[in-house]
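As a plain string of letters, each chain reads:
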Amino acid sequence: MAKLNFGGTEETVVTREEFPLSKAQEILKNETVAVIGYGVQGPGQALNQKDNGINVIVGQRKNSKTWDKAVRDGFVPGETLFEIEEALERGTVICYLLSDAAQIELWPTVKKHLTAGKALYFSHGFGITFKEQTGIIPPADVDVFLVAPKGSGTSLRRMFLEGRGLNSSFAIFQDATGRAFERVISLGIAVGSGYLFETDFRKEVFSDLTGERGTLMGCIQGIFAAQYEVLRSKGHSPSESFNETVEELTQSLMPLVAENGMDWMYANCSTTAQRGALDWWKKFRDATKPVFEELYESVATGKESQRSIDSNSQPDYRVKLDAELAELRDSEMWQSGKTVRSLRPENQVVEA
Ligand SMILES: NC(=O)C1=CN([C@@H]2O[C@H](COP(=O)(O)OP(=O)(O)OC[C@H]3O[C@@H](n4cnc5c(N)ncnc54)[C@H](O)[C@@H]3O)[C@@H](O)[C@H]2O)C=CC1
Ligand SMILES: CC(=O)[C@](C)(O)C(=O)O
Ligand SMILES: [Mg+2]
Ligand SMILES: [Mg+2]
């Protein structure tokens, strides 16, 4: 494992170069990896493993849309695609990729099939860390670890097909066989990770829940909405407000940040913009920091996990989520965005 310096702190990272796919294939050659659930992470991880020559099967409820999707993706019923219980029986590694709330419901069934020496694999620290809420307590004679890709399962697959890897975290909760480390790293490589960063279950879930509620998803929509609403209230048109809030960020400036950091993006903007951004960023940091403190506390005390479990275990949770997503989609800001996006060259309808 490589020791790398992250802004002054040394951390352990496993790279594809030091742990090549051939090594992962060798270590996993006698394993049957059962991917349980075929939602967002399921397809990405199962297809990447299949293309990487791993013996992978999928467990999914029959007569569901995702069963049909698995068939379209090349999994063969009775050979590599099974009802969940049969896949649990056949698997030596169980990749538990149901939604976090659904994992609670199915846990008694999964536990039944966790015989000595098998491995239980998660892509989140949720079930284990919040065990008082989930009841997920694995038997002592199985390995328990996680590989958590730091991005959507959709990106995991896309980046794999482009020959790139997505960064993942990995952690070992329980090493019953003495092989947990080689198993987890091999699986991490097999599912399409580029680099594997070491963590533990608790840290993974605390940071992940904070990130998605914070800058990655919740906060970003919040500050977009705040700026858009101010611009609109001062008489700016929807298109101008949208362009100055979202479009310029995603199309022009964020790619520069991704490429080479914030100072690089700043340096490629006008000196006027640089002056203003350097003057204002700390004010925004200070204004939002108390909200981040409140958020972390809500994660750490188990309030966020409980809320997720409570809402996602209702039978109509999908319908309710869809309605809330539709509210976002139908807002003036994102409707303006739809029109702005339609103007991009790739979205222009070419006249015959
Ligand atoms: N969505 C993502 O890209 C990411 C997800 N994760 C983690 O990966 C895990 C899987 O997440 P997703 O792929 O988003 O899950 P998902 O919400 O897409 O659901 C996965 C599968 O669960 C099945 N399912 C739902 N309720 C069920 C039930 N009661 N019985 C049987 N099957 C049921 C669905 O049919 C679906 O195939 C979670 O632990 C999540 O936190 C981690 C990183 C990113
Ligand atoms: C994509 C990802 O890593 C998230 C945002 O944490 C998630 O989907 O849970
Ligand atoms: Mg998450
Ligand atoms: Mg995440």
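With an unreviewed UniProt entry as reference, the protein chain is termed Ketol-acid reductoisomerase, source organism Hufsiella ginkgonis. The Sequence similarities (unreviewed entry) comment attached to the protein chain in UniProt states, word for word, "Belongs to the ketol-acid reductoisomerase family." The Cofactor (unreviewed entry) comment attached to the protein chain in UniProt states, word for word, "Mg(2+)".

Caption draft 1: Inspection of the site of ligand 1 at higher detail. Taken together, 23 residues lie around ligand 1, and Tyr-38, Gln-41, Asp-100, His-124 and Gly-153 are the ones closest in. Here an oxygen atom of ligand 1 and a backbone polar atom of Gly-39 are 3.2 Å apart. Within the side chain of Arg-61, a nitrogen or oxygen atom sits 3.4 Å from a nitrogen atom of ligand 1. Isolated, ligand 1 exposes 830 Å² of accessible area, and the fraction of that covered by the protein chains is 82%.

Caption draft 2: Just the pattern of salt bridges, in detail. By the definition in use, this model includes 20 salt bridges. Notably, a salt bridge pairs Asp-286 with Arg-285, separated by 3.1 Å at the nearest N-O pair. A relative accessible area of 39% means that Arg-285 is categorised as partly exposed. Through salt bridges with shared partners, one network takes in Glu-31, Asp-143, Arg-179, Glu-182 and Arg-183.

Caption draft 3: Layout of unusual backbone geometry. Despite not being glycine, Asn-63 has its phi angle at roughly 55°, a positive value. For Asn-63, the location among the structural elements is in the loop between strand S4 (56-59) and helix H3 (65-72). Of the residues examined, Asn-63 reaches a relative accessible area of 78% and is grouped as exposed.

Caption draft 4: Summary view of the nonpolar core. In this structure, Phe-75, Tyr-121 and Ile-185 are the most contacted members of the largest nonpolar core, which totals 33 residues. For this core, the element with the most residues is helix H9 (residues 180-190), which contributes 6 residues. Each residue touching Ile-185, except ones within four places of it in the same chain, is listed here: Val-14, Phe-19, Phe-170 and Leu-196. Judged by nonpolar contacts, the second largest core, of 24 residues, contains Ile-36, Phe-82, Ala-87 and Leu-114.

Caption draft 5: Looking closely at the domain arrangement of the protein chain. Along its sequence, the protein chain is organised into domain 1 (2-199) and domain 2 (214-344). Put simply, the middle of domain 1 and the middle of domain 2, counted by C-alpha atoms, are 31 Å apart. Tallying the contact residues gives 6 residues for domain 1 and 8 residues for domain 2. The interface formed by domain 1 and domain 2 contains 0 salt bridges. Elements represented by at least two residues in the side of domain 1 that touches domain 2 include exactly helix H5 (100-112) and helix H7 (131-134). Residue composition of the side of domain 1 that touches domain 2, grouped by class: 4 nonpolar, 2 polar and no charged.

Caption draft 6: Spotlight on the sheet that holds strand S7 (residues 119-122). With respect to topology, 10 strands assemble into an open sheet ordered S1-S2-S10-S9-S8-S7-S6-S3-S4-S5, the strand pairing being mixed. Of all strands in the sheet, those with a lone pairing partner are strand S1 (2-6) and strand S5 (81-82), marking the two edges. When S7 meets strand S8 (residues 143-149), the two strands line up parallel, connected through 4 bridges. Paired with Leu-120 across the strands is Val-144, a residue of S8. Along the sheet, H9 contacts strand S2 (9-15), strand S3 (33-36), strand S6 (93-96), S7, S8, strand S9 (166-174) and strand S10 (193-198); its crossing angle with S8, the most-contacted strand, is approximately 25°.

Caption draft 7: Focus on the UniProt feature "domain: KARI N-terminal Rossmann" (unreviewed entry) in the protein chain. UniProt records the feature "domain: KARI N-terminal Rossmann" (unreviewed entry) for residues 9-199 in the present numbering. As annotated, residues 9-199 has a helix share of 39% and a strand share of 25%, and its two end C-alpha atoms lie 14 Å apart.

Caption draft 8: Region of the structure containing the state of the cysteines. Under the criterion given, the structure shown has 0 disulfides. Not part of a disulfide, Cys-269 finds its nearest cysteine sulfur in Cys-219, a span of 20 Å.

Caption draft 9: Representation of the pairing of S10 within the structure. Bridge count between S2 and S10: 3 bridges; the pairing is antiparallel. Paired with Thr-15 across the bridge in S10 is Tyr-195. In this fold, the crossover linking S9 to S10 by way of H9 has right-handed handedness.

Caption draft 10: Representation of helix H12 (residues 238-260) within the structure. End to end, H12 covers 31 Å across 23 residues, agreeing with the expected 33 Å (1.5 Å per residue, within 8%). Restricting attention to buried positions, one finds in H12 the residues Ser-241, Phe-242, Thr-245, Val-246, Glu-247, Leu-253, Leu-256 and Val-257. Contacts from the buried residues of H12 go to helix H11 (218-233), helix H13 (262-267) and helix H17 (332-342). Gly-261 sits one or two positions beyond H12 and adopts a positive phi of about 95°.

Caption draft 11: Inspection of a nonpolar patch on the surface at higher detail. A cluster of nonpolar residues, Met-1, Ile-172 and Phe-181, forms a patch on the protein surface that exposes about 250 Å² of accessible area. Mapped onto the elements of the fold, Phe-181 is located in helix H9.

Rules of the game
- Numbering of residues starts from 1 in each chain and follows the order in which that chain's sequence is written.
- The naming scheme follows written order: chains are lettered A onward, ligands numbered 1 onward.
- Per-residue local features are limited, in this predicted model, to residues with pLDDT of at least 70; the limit for side-chain atom pairs, both in listing and counting, is 80 or more; totals at the level of whole chains, interfaces and linings are taken over all residues.
- Computation of side-chain values covers all heavy atoms of the structure but excludes hydrogens and water.
- UniProt positions are given in the numbering used here, feature names are shortened, and annotations may be inferred rather than shown by experiment.
- A molecule or strand has a residue near it when one of that residue's heavy atoms lies within 4 Å.
- For the purposes of these results, a polar contact is taken to be a pair of N or O atoms within 3.5 Å, where, inside protein, one atom must be able to donate a hydrogen and its partner to accept one; residues adjacent in sequence count only when each atom of the pair is a side-chain atom.
- For the accessible areas, the method is Shrake-Rupley and the probe is 1.4 Å, while residue cover comes only from the protein chains on display.
- Note on definitions: salt bridges are taken to be side-chain nitrogens of Lys or Arg within 4 Å of carboxyl oxygens of Asp or Glu.
- The rule is simple: take the accessible area with a 1.4 Å probe, protein chains only, and divide by the maximum for that residue type; under 20% is buried, over 50% is exposed, in between is partly exposed.
- Secondary structure elements follow DSSP: runs of H or I of four or more residues count as helices, runs of E of two or more count as strands, with numbering from the N terminus.
- We call a set of buried residues a nonpolar core when its members are Ala, Val, Leu, Ile, Met, Phe, Trp, Tyr or Cys and they connect through side-chain atoms within 4.5 Å of each other.
- Contact between two residues is taken to exist if any of their heavy atoms lie within 4.5 Å; hydrogens are not considered.
- In this entry, domain limits derive from an automatic or database-based domain assignment.
- Note on residue classes: Ala, Val, Leu, Ile, Met, Phe, Trp, Tyr, Cys and Pro are nonpolar, Asp, Glu, Lys and Arg are charged, and everything else, Gly too, is polar.
- We treat two strands as partners when DSSP finds at least two bridges between them.
- To define axes, lines are fitted to C-alpha atoms, for helices over the stretch in contact only, and angles between the resulting N-to-C directions are given on a 0 to 180 degree scale.
- When two cysteine sulfur atoms lie within 2.5 Å, the pair is treated as a disulfide.
- Handedness of a crossover is defined as follows: orient the strands so they point away from the viewer, and if the path from the first strand over the helix to the second runs clockwise, the crossover is right-handed.
- Residue count minus one, scaled by 1.5 Å, sets the expected span of a helix.
- Residues forming no salt bridge and having over 30% relative accessible area are the ones grouped into patches, like charges within 9 Å of each other and nonpolar side chains (Val, Leu, Ile, Met, Phe, Trp, Tyr) within 5 Å.

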